[in-house]
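# Observations on chain architecture
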Amino acid sequence: FPDLGVLYFRSDIVSQEDAQKLKSGNYTWDDLFEMAEKYQGEKGTEYGILFQATNNEGLICNLNEFTANFENLEEGLKMMKRFVDASITPDDITAYNEGKTEAFVNGKAVFARNWPYMNGLFKENTEGVISPDVVDYAPLPEGSTVGGWLVGINKNTKHLGAAKKFVEFLVGPEGQKINATVGSYLPGYNALLEDQDVLAANKLLSSEGFKKALANTISRPVLGNYSEASDKIITAAHAYLTKKNATDEDLANAVKAIQQALGK
């Protein structure tokens, strides 16, 4: 099934004017930074924004978005560092993965960048969890990283026939409908994007902001040695983001290392 980055925000905190600006996609990282500062602390929130900045693949996805598909690497990395160092993010934001970003679900932040699955975690009338009706969605300023998930079978399984049948069910229309309605995952069948049961269970799919995100996706670098390059990019970016009092030279070194990993 497909996947893409989405900006979640508290619709009961953000003004209608700012919300419309976000959902239109006509805003910048500077605008988002200012909004995170503006609304931080309202309705019990502790942080302005959460995203993935730990040293794993999620960091590349976020860096991809901050840098406009690695086209504006220096400015994007510098902007990401600005978010990391500011009081709008947790002190340990560089240890945040998708799971830790779920603190948004518990009402800890005004904004959060995460994947569609998180939409399935909001619950009505559940203590410590915000309700779906106070959540809205927006595309990322420079495009949303697109990805996807595959299903495999262990070749050593003793139950190959049953495993194949289960996989066929899981990736078929019925299984994908269950994933979409219960788990908030994006269905891989276009028809399910218009299925009334799916739309009723998953308001993300019919939201203006999500449709904008879906129309403006960006892929990670397409490289023959992606696994090796990915490790180098993560190492260079995380070293810069975690460095206290980082200098222009530190930024230049990080940019150089990432460009080399990209083959530029």
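Up top is the structure these notes are about.
Residues numbered from 1 in each chain as written. Predicted model: local features only at pLDDT ≥ 70, side-chain atom pairs only at ≥ 80, totals over all residues. Heavy atoms only, no water.

### A closer look at the packing of helix α1 (residues 16–24) against helix α2 (residues 29–39)
Just so we agree on the cut-off: Axis lines are fitted through C-alpha atoms, for helices just across the contact stretch, and the angle between N-to-C directions can take any value from 0 to 180 degrees. For the purposes of this entry, the term helix denotes a DSSP run of H or I that reaches at least four residues, the term strand denotes a run of E that reaches at least two, and both are numbered from the N terminus. Angles are sorted into four bins: roughly parallel if under 35 degrees, roughly antiparallel if over 145, roughly perpendicular if 65 to 115, and oblique for all others. Note on convention: the crossing is left-handed when the near helix lies turned anticlockwise from the far helix by less than a right angle, right-handed when the turn is clockwise. Residue contacts follow a heavy-atom distance rule, with two residues in contact if any of their heavy atoms lie within 4.5 Å. Following the grouping adopted for this structure description, the nonpolar residues are Ala, Val, Leu, Ile, Met, Phe, Trp, Tyr, Cys and Pro, the charged ones are Asp, Glu, Lys and Arg, and the polar ones are all others, Gly among them.
Two numbers describe how α1 lies on α2: the axes approach to 12 Å, and their chain directions differ by 150 degrees. Regarding the angle of α1 to α2, the classification is roughly antiparallel. In this structure, α1 meets α2 at a crossing whose hand is left-handed. The segment α1 lies against α2, with Asp 18, Lys 21 and Leu 22 engaging Asp 31, Leu 32, Met 35, Lys 38 and Tyr 39. Residues that form the contact of α1 with α2 fall into these classes: 4 nonpolar, no polar and 4 charged.

### A look at the side chain of Ser 184
Rules: Residue exposure (1.4 Å probe, protein chains only): buried if accessible area is under 20% of the type maximum, exposed if over 50%, otherwise partly exposed. Here a polar contact is taken to be a pair of N or O atoms separated by no more than 3.5 Å, where protein atoms must pair a possible hydrogen donor with a possible acceptor and residues adjacent in sequence count only if both atoms sit in side chains.
Along the chain, Ser 184 turns up in the loop between α7 (173–182) and α8 (196–201). Residue classification places Ser 184 among the buried positions, given a relative accessible area of 3%. Within the structure, Ser 184 has its side chain in polar contact with the backbone oxygen of Pro 116 (distance 3.2 Å). Setting aside residues up to four positions removed in sequence, Ser 184 forms contacts with Pro 116, Tyr 117, Asn 119, Gly 120, Asn 179 and Asn 202.

### A few points about the nonpolar core
Heads up, the rule is: What we call a nonpolar core is a set of buried Ala, Val, Leu, Ile, Met, Phe, Trp, Tyr and Cys residues that are connected through their side-chain atoms within 4.5 Å.
Counting 75 residues, the largest nonpolar core has Leu 22, Phe 83, Phe 104, Phe 111 and Ile 258 as the members making the most contacts within it. Broken down by element, this core gets its largest block of residues, 7 residues, from helix α10 (residues 226–242). Contacts of Phe 111, omitting those with residues within four sequence positions, involve Leu 7, Tyr 8, Phe 9, Val 14, Leu 22, Leu 32, Met 35, Ala 36, Gly 48, Ile 49, Leu 50 and Phe 104.

### Side note on unusual backbone geometry
Unusually for a residue other than glycine, Asn 125 sits at a positive phi of about 55 degrees. Position of Asn 125 among the secondary structure elements: in the loop between β4 (109–114) and β5 (135–138). Here Asn 245, not a glycine, exhibits a phi torsion of approximately 55 degrees, which is positive. Structurally, Asn 245 can be placed in the loop between α10 and α11 (248–261).

### Some remarks on the sheet that holds strand β3 (residues 47–50)
Operational definition: In short, DSSP must find at least two bridges between two strands for them to pair.
Taken together, the 4 strands give an open sheet; going across it, the order is β3-β4-β2-β5, and neighbouring strands pair in mixed fashion. Looking along the sheet, the strands with just one partner apiece sit at the ends: β3 and β5. In this sheet, neighbouring strand axes are inclined to one another by 20 degrees on average, regardless of whether the strands run parallel or antiparallel. As judged from the 4 bridges shared by strand β2 (residues 6–10) and β4, these two strands associate in the antiparallel manner. The residue bridging Leu 7 from the neighbouring strand is Arg 113, located in β4.

Treat this as a map of the structure, not an account of what it does.
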